[in-house]
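Coordinate inspection notes
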Amino acid sequence: MITRSAVEFVAPERGEGAVVGTHSTTMSSEHEQQQSRLSSEQAEQPSEEPWTDLELTLPHGRSPTGIVSFVECALVELTHEDVGAEFVSTSVAGTKRTQFIAVDDVGEQFQKRYFDERLGWHETTVSREAVREELVNRLSRSSLNRTIETPSTDADTFRVKPVHQF
């Protein structure tokens, strides 16, 4: 069924009407089926946020290319969601945390928050390139080097989580 209608506006001072344009509306069972299919597909998809899978424990088995791809995914999420990235490392000297949170809408500037049990918190603003380089370097560290450096400590971890959890 096709319905055509005209939209008419009346100029109150002259009492005249003017047809501005026409449009047609098509009601079809095919369109309704498409809408129904889209609604059911959306309902079947999990409501889990895409950034919840962005977690990595050292040592890991990822390739250097895989690490770069992983970091790029994390940076995209930091730019577009209200989330931050946190790298936690432990050693005989204690736990150290490095957090990154986007401070602008385009993701070119990040707040870097660093915590050392001995020194406390330190904050600075860094570029996207600096965050990318630091995360790629940290996540690319050899598991052999880490075992030699800190043989009896917890594994280093990286995760993306909501900013309010920092």
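Reading guide: rules and limits
Residues numbered from 1 in each chain as written. Predicted model: local features only at pLDDT ≥ 70, side-chain atom pairs only at ≥ 80, totals over all residues. Heavy atoms only, no water. Helix = DSSP H or I, 4+ residues; strand = E, 2+ residues; numbered from the N terminus. Buried < 20%, exposed > 50% of the residue type's maximum accessible area, 1.4 Å probe, protein only. Contact = heavy atoms within 4.5 Å. Areas by Shrake-Rupley, 256 points an atom, 1.4 Å probe, with all protein chains shown as cover. Core = buried A, V, L, I, M, F, W, Y, C linked by side-chain atoms within 4.5 Å. Expected span 1.5 Å × (residues − 1). Pairing = 2+ DSSP bridges. Axes fitted to C-alpha atoms, helices over the stretch in contact; angles between N-to-C directions.

Here we come to the overall build of the protein. Helix and strand content of the protein: 4 helices and 8 strands. Taken over 166 residues, the protein has a buried fraction of 28%. A sequence separation of at least 24 residues applies to 47% of the contacts in the protein between residues at least 6 apart. Surface exposure of the protein reaches about 11100 Å², of which carbon and sulfur atoms provide 49%.

To continue, consider the nonpolar core. Residues Val71, Leu78, Phe110, Val131, Leu139, Phe158 and Val160 are the most contacted members of the largest nonpolar core, which totals 22 residues. Those elements that provide at least two residues to this core are helix H2 (64–80), strand E4 (83–91), strand E5 (94–102), helix H3 (128–140) and strand E8 (157–162). If you tally residues by element for this core, the top one is H2, at 6 residues. Beyond its immediate stretch of four places on either side in the chain, valine 131 contacts Leu75, Phe100, Phe110 and Val126.

Time to look at H2. Between the first and last C-alpha of H2 there are 25 Å, a value that for 17 residues agrees with the 24 Å anticipated at 1.5 Å per step. Those residues of H2 not exposed but buried are Gly66, Ile67, Phe70, Val71, Ala74, Leu75, Glu77, Leu78 and Thr79. Considering only its buried residues, H2 is in contact with strand E3 (55–57), E4, E5, strand E6 (109–116), H3 and E8.

This part is about the sheet that holds E4. Pairing within the open sheet is antiparallel, and its 6 strands lie in the order E3-E8-E4-E5-E6-E7. With one partner strand each, in any of the chains shown, E3 and strand E7 (120–127) form the two edges of the open sheet. Pairs of neighbouring strands in the sheet enclose a mean axial angle of 20°, with direction left out of account. Pairing of E5 with E6, which is carried by 7 bridges, proceeds in the antiparallel orientation. Looking across to E6, one finds that isoleucine 101 is bridged to glutamine 111.

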